[in-house]
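One-letter residues, chain by chain:
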Amino acid sequence: MDKYDYLILDIIQEHKETNNELIRLTSIEQRFWKKIEDDVTLSVGQAKIGERITNLYLRGYIQNRGGYSLTKRGREELQCQYV
């Protein structure tokens, strides 16, 4: 996982805490691009947000049940990243 994977986890968690609801894919994408728009080290091809979200889902960090949320594993990973 790199900082952009953690950014996606953070976006999902932040939305849940702020709005007390699950986040939609389009909202994740919009927030992701907004946060990295000034990052000159990342090209559009490297971002591959759809691939990143799919990998996070397949590795058990996020779930999609009418919207995205973090799994227990995702919350723990995000917590470890900030410690």
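Residues numbered from 1 in each chain as written. Predicted model: local features only at pLDDT ≥ 70, side-chain atom pairs only at ≥ 80, totals over all residues. Heavy atoms only, no water.

Chemist: Please explain the overall build of the protein chain as it appears in this structure.
Modeler: When its secondary structure is counted, the protein chain shows five helices and two strands. Taking all 83 residues of the protein chain together, 37% fall into the buried category. Taking as baseline every contact in the protein chain between residues at least 6 positions apart, the subset at least 24 positions apart corresponds to 55%. Looking at the protein chain as shown, the accessible area adds up to about 5400 Å², and 47% of this sits on carbon and sulfur atoms. (Helix = DSSP H or I, 4+ residues; strand = E, 2+ residues; numbered from the N terminus. Buried < 20%, exposed > 50% of the residue type's maximum accessible area, 1.4 Å probe, protein only. Contact = heavy atoms within 4.5 Å. Areas by Shrake-Rupley, 256 points an atom, 1.4 Å probe, with all protein chains shown as cover.)

Chemist: Sorry, what's going on with the packing of aromatic side chains here?
Modeler: Two aromatic rings, taken as a pair, are described by how far apart their centres are and by the angle between their planes. Overall, the coordinates contain two aromatic pairs when judged by the stated rule. On the basis of an interplanar angle of 70 degrees and a centroid distance of 6.5 Å, the ring pair of Tyr4 and Phe32 is categorised as edge-to-face. Placement of the pair is Tyr4 in helix α1 (residues 3–19) and Phe32 in helix α2 (residues 25–36), with a sequence separation of 28 residues. Taking the relative accessible area as the measure of exposure, Tyr4 reaches 8% and is therefore buried. Note on Phe32: relative accessible area 0%, which makes it buried. Between the aromatic rings of Phe32 and Trp33, the centroid separation amounts to 5.6 Å while the plane-to-plane angle is 80 degrees, which identifies the pairing as edge-to-face. Classification of Trp33 as partly exposed rests on a relative accessible area of 33%. (Phe/Tyr/Trp six-rings, centres within 6.5 Å; stacked < 30°, edge-to-face > 60°.)

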